[in-house]
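Residue-level structural notes
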Amino acid sequence: QVQLVESGGGLVQAGDPLRVSCAASGRTFSTLAMGWFRQAPGKEREFVAAISRSGITTYYADSVKGRFTISRDNAKNTVYLQMNSLKPEDTAVYYCAADGSLRPLATTKGGMDYWGKGTLVTVSS
């Protein structure tokens, strides 16, 4: 069983940067494709970014492309989401997710097998 623990959320002002992290355990990290999703109040959970097992391939939602960067450190069993130029509409609970299969890199909730409990990011205007 894979455990995912997010950290780094908080309250920031519009335009500020913030980095959230996700530490994984329970399985060799390099065998997991990783993703970030977010859920704003009253809205569905949506895809934000994903990164392949090697870190070579990344995908982003159009709403964050050019502002957010996903990365991973396989030696530290950690995936990161660097968020720059934050906007109030980025306010949400950010969830880390992992895909333990050999499927192509997923960008949907159904493509992920494991989930963290989330970390809240609040962007004030």
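Predicted model, so just to flag it, every value in this text is computed and none were measured. (Residues numbered from 1 in each chain as written. Predicted model: local features only at pLDDT ≥ 70, side-chain atom pairs only at ≥ 80, totals over all residues. Heavy atoms only, no water.)

1. Points about the side chain of Ser 101
Here Ser 101 shows up in the loop between β9 (92-99) and β10 (114-115). By relative accessible area, which is 16% here, Ser 101 ends up buried. Reaching out from Ser 101, the side chain makes a polar contact with the backbone nitrogen of Arg 103 at a distance of 3.0 Å. Non-local contacts of Ser 101, meaning those with residues more than four positions away in its chain, are made with Arg 53 and Asp 113. (Helix = DSSP H or I, 4+ residues; strand = E, 2+ residues; numbered from the N terminus. Buried < 20%, exposed > 50% of the residue type's maximum accessible area, 1.4 Å probe, protein only. Polar contact = N/O pair within 3.5 Å; in protein donor to acceptor, adjacent residues only side chain to side chain. Contact = heavy atoms within 4.5 Å.)

2. Examining the pattern of salt bridges
On inspection of all chains with the given rule, the structure shows 7 salt bridges. A salt bridge links Asp 90 to Arg 38, with the shortest nitrogen-to-oxygen separation between them at 2.9 Å. Taken together, the residues Asp 90 in the loop between β8 (78-83) and β9 and Arg 38 in strand β4 (residues 33-39) connect sequence positions 52 residues apart. For the pair Asp 90 and Arg 38, one class covers both residues: buried. Lys 65 is the partner of Asp 62 in a salt bridge, and the nearest nitrogen-oxygen pair spans 3.2 Å. By relative accessible area, Asp 62 is classed as exposed at 66%. (Salt bridge = Lys/Arg side-chain N within 4 Å of Asp/Glu carboxyl O.)

3. So, the state of the cysteines
Under the defined criterion, the tally for this structure stands at 1 disulfide. For Cys 22, the disulfide goes to Cys 96, at an S-S distance of 2.1 Å. Sign of the S-S torsion, about -75° for the bond between Cys 22 and Cys 96, identifies this disulfide as left-handed. Here Cys 96 lies in strand β9 and Cys 22 lies in strand β3 (residues 18-25), a separation of 74 residues in the sequence. Cys 96 matches Cys 22 in its accessibility class, with the two residues each being buried. (Disulfide = S-S within 2.5 Å.)

4. A word on the packing of aromatic side chains
Using the criterion set out here, one finds 2 aromatic pairs in the structure. Summarising the aromatic geometry, the rings of Phe 37 and Phe 47 are spaced 5.7 Å apart at their centres and angled 75° between planes, so their arrangement reads as edge-to-face. With Phe 37 in strand β4 and Phe 47 in strand β5 (residues 46-51), this residue pair connects regions lying 10 residues apart in the sequence. Phe 47 sits in the buried class, given a relative accessible area of 14%. Among the aromatic residues, ring-to-ring pairing joins Phe 37, Phe 47 and Trp 115 into one connected group. (Phe/Tyr/Trp six-rings, centres within 6.5 Å; stacked < 30°, edge-to-face > 60°.)

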